[in-house]
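# Fold and contact review
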There are 2 protein chains.
Amino acid sequence: MLYLIGLGLSDEKDITVKGLEIVRSAERVYLEAYTSILLTETATLEQFYGRDIIIADREMVENASDEILRDAQKLDIAFLVVGDPFGATTHTDIVLRARALKIPVSTIPNASIMSAIGATGLQLYNFGQTVSMVFFTESWKPESFYHRIRENRTIGLHTLLLLDIKVKEASLENLARGRLVYEPPRYMTVGQCAQQMLEVEEKMTEKGQGGVYTKDSLAVGAARVGGKTEKFVCGTLEQLCNSDAELGKPLHSLILLGNRVHELEGEYLKAFALTPEVWDEIWRRDYEGK
Amino acid sequence: MLYLIGLGLSDEKDITVKGLEIVRSAERVYLEAYTSILLTETATLEQFYGRDIIIADREMVENASDEILRDAQKLDIAFLVVGDPFGATTHTDIVLRARALKIPVSTIPNASIMSAIGATGLQLYNFGQTVSMVFFTESWKPESFYHRIRENRTIGLHTLLLLDIKVKEASLENLARGRLVYEPPRYMTVGQCAQQMLEVEEKMTEKGQGGVYTKDSLAVGAARVGGKTEKFVCGTLEQLCNSDAELGKPLHSLILLGNRVHELEGEYLKAFALTPEVWDEIWRRDYEGK
C-alpha cells in the first residue's frame, strides 16, 4: 500500500495519530521536500517518528517514482507531504503511477493552508480561486495571477495568494557550467508579494487594463499559520509592503480582500490591523455594505 | 487558554498528536456537534481520548458560551470541532467572546473537506467559492446557491457543494406544542443534492435565467472523504441522482465541474466513472480544451 500522509503545517506533532501509526510501521518513509516545508528540522521529525526519513526532492518524485513505489504491492510505503497530500500541490502523478502498477493507495488528510487560513477570521465561503505568486526576475514577470484576482474581485471574493519557495535550486550560472551547487533556500515574504502585486497593477494600468486593486486595497499578511508563533497583520497593500519585520520568519501567505465582506470578518480582523484608524476608514469607505 | 482543536474528518485517530496532548490535559473538553459529524461514536472518542466529553449543541454554543469559557483565563479548555476549527463553519463568534473576556486562544488546525476534496484528483486551484445546499421543503427552496455556481462556472471553476445535515432538530409540530422531541438526524445525499440542482435549473430556465448547467453536466459525488471507506463516483448530474446506493452512508459532498479542466483531472477521475463511455464522451465534447 502507498500511504500519502499529510503532516500539517507546523511541527512534528501536527501529524495525526493515524498517520503516525503508519509512519512507525511502514517499510520505507519518504518526505516530499520541495513544494512546502515544515517549520522544523527533518532530524526532529526522525527523532519523534523513530524512523529514518528519505528526502524526496523534485528530481526523485518526478523521475524516480518507481524507486519510491518499489514493492508497494506487498509492503507499506509512507510518502509524507507537508500540509494535506492533495493540498496546494496535487500529487496525482504518483497516484496514477501507482494505479498503473496495481498498487493500492490510501490518503491520510491533514490541515492545508487553504483551509487553515480561516484562522484569520475570513469566511472560507467568501474565497475565490487560490493563486500562486512566483519570484519575479528581470526578464520573467508572469501576470496570470492578476487575471485570476480580477475574476475573484469581479464577484466580490477574497483571494489567497500562496508565495513561492525556492529550495535546492541551482543558479543559471552553475547550471550552465554543469555544477550541482545549490543556492540557499528562499521564501517569498508578504512584503515582496505586495510589491510585485503593485508593480503589475501599475503595468496593467499603463496598458489600460488595470484597476483590479490599488495601493489602498485591504489585505492580510499571514505568517507561520497553524504554528505557535502564528502571526497575522492587516492593512493596505502599501502598508503590507513594509510589514515583513512585523510578520517575522517564513512561511508567509497573503490574502487580498474581496468586496463581499461580512461585518464579523471586519470585527475579527481589526485586532490584527497595522494601524486601526486606517483600517477602519478604508473598511467603511470601500468595503462594508459595498 | 481556549484551544480550538480540529478533529479531522473520519474517526478518533484523525486528531493530531498535538491536539490529543491538549485534550488529555485540558480541564474541560467540549465537542461542537451540530455543524458536522465524525463517522464514529462519541463514546469511541471518549475511550480513545481517556476523557469525558461535553456535547455542545447549537443552543449551548450560541447562547451559553460563557459556561464554555468559564475560568479559561487560567485553565485550559478544549473545544473540539469536526474537520478544521475554521473550516466550513467559522467559529469566529466564540473567539470574539473569548477576546472580550481576555482569554488567550490557540487553534490546532486539521483536515477540512475544503482541502481533502483534492483526493478526487481535482486541483484545488481550479475551485471557486464553496456553496451550501440545504434541504428543500415544500415552501422553502432557496436559489442563492445557483447564483454562486453561475459565478464559478462563468470563469470556468469547479464548485464544491457542502450538503445539509440536520441534527437535533425539532419538527415544526413539536416546536409549536413546546415539546423538546427531536427528529432523527438527516444527512443530505448526493442524489438529493443533484435532484435539487436540476429542479432549480428547470425553474430558472422557465424564468429565462437558466443555463448554468444541464442534466448532462459532469459532477463528482464523494462519500466519507478521508475515511477508510471513502468513495468517489462521477458522471452526469442525472446519473448522480441515482448514485446513492453506490456511494453508501453519509457524509456526502458533490462537486460540479467547471470548464477550465486539466487533462490530468480527467485521467484521474475516469477511474470513478459510473459509466466510463458516457464520461469520456461528454468530457471530450464539453470540457477538454473548452
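Since this is a predicted model, take the numbers as computed values, not measurements. (Residues numbered from 1 in each chain as written. Chains lettered and ligands numbered in written order. Predicted model: local features only at pLDDT ≥ 70, side-chain atom pairs only at ≥ 80, totals over all residues. Heavy atoms only, no water.)

What follows deals with the UniProt feature "binding site: S-adenosyl-L-methionine" (unreviewed entry) in chain A. Using the residue numbers shown here, the UniProt feature "binding site: S-adenosyl-L-methionine" (unreviewed entry) corresponds to Leu 9, Asp 84, Gly 87, Ser 112, Ile 113, Leu 163, Val 225 and His 252 of chain A. Topologically, Gly 87 of chain A is positioned in the loop between β4 (77-81) and α5 (92-100). The buried category is assigned to Gly 87 of chain A, whose relative accessible area is 1%. Apart from residues no more than four positions distant in its own chain, Gly 87 of chain A is found in contact with Ser 112 and Met 114 of chain A together with Leu 124 of chain B. In this fold, Leu 163 of chain A is placed in strand β7 (residues 159-163). Residue contacts for Leu 163 of chain A: discarding those within four places in its chain leaves Met 133, Met 188, Thr 189, Val 190, Cys 193, His 252 and Ser 253 of chain A. (UniProt positions renumbered as here; feature names shortened; annotations may be inferred. Helix = DSSP H or I, 4+ residues; strand = E, 2+ residues; numbered from the N terminus. Buried < 20%, exposed > 50% of the residue type's maximum accessible area, 1.4 Å probe, protein only. Contact = heavy atoms within 4.5 Å.)

Further remarks concern the side chain of Asp 11 of chain B. The topology assignment puts Asp 11 of chain B in the loop between β1 (2-6) and α1 (17-25). The class of Asp 11 of chain B is buried, set by a relative accessible area of 15%. Looking at Asp 11 of chain B, its side chain comes within polar contact range of the side chain of Lys 18 of chain A, at 3.0 Å. Other than its neighbours up to four places away in sequence, Asp 11 of chain B contacts Lys 18 of chain A together with Leu 38 and Thr 40 of chain B. (Polar contact = N/O pair within 3.5 Å; in protein donor to acceptor, adjacent residues only side chain to side chain.)

A few words on the sheet that holds strand β10 (residues 218-223) of chain B. Within a sheet, neighbouring strands are paired by backbone hydrogen bonds and run either parallel or antiparallel to one another. All names here are of chain B. The 5 strands lie next to each other as β6-β7-β12-β10-β11, forming an open sheet whose pairing is mixed. Two strands close off the open sheet at either side, each with one partner strand: β6 (131-133) and β11 (231-236). Here the strands of the sheet are splayed against their neighbours by 25° on average, with no regard to which way each runs. Most of the contacts of helix α7 (residues 144-154) go to β6, to which it runs at about 145°, and overall it touches β6, β7 (159-163) and β12 (252-256). (Pairing = 2+ DSSP bridges. Axes fitted to C-alpha atoms, helices over the stretch in contact; angles between N-to-C directions.)

Residues and elements named next belong to chain B. When you tally the buried positions in β11, you get 5 out of 6 residues, the bulk of the element. By the bridge criterion, 6 bridges tie β10 to β11 in an arrangement that is antiparallel. Along β11, the bridge assignment pairs Gly 221 with Val 233.

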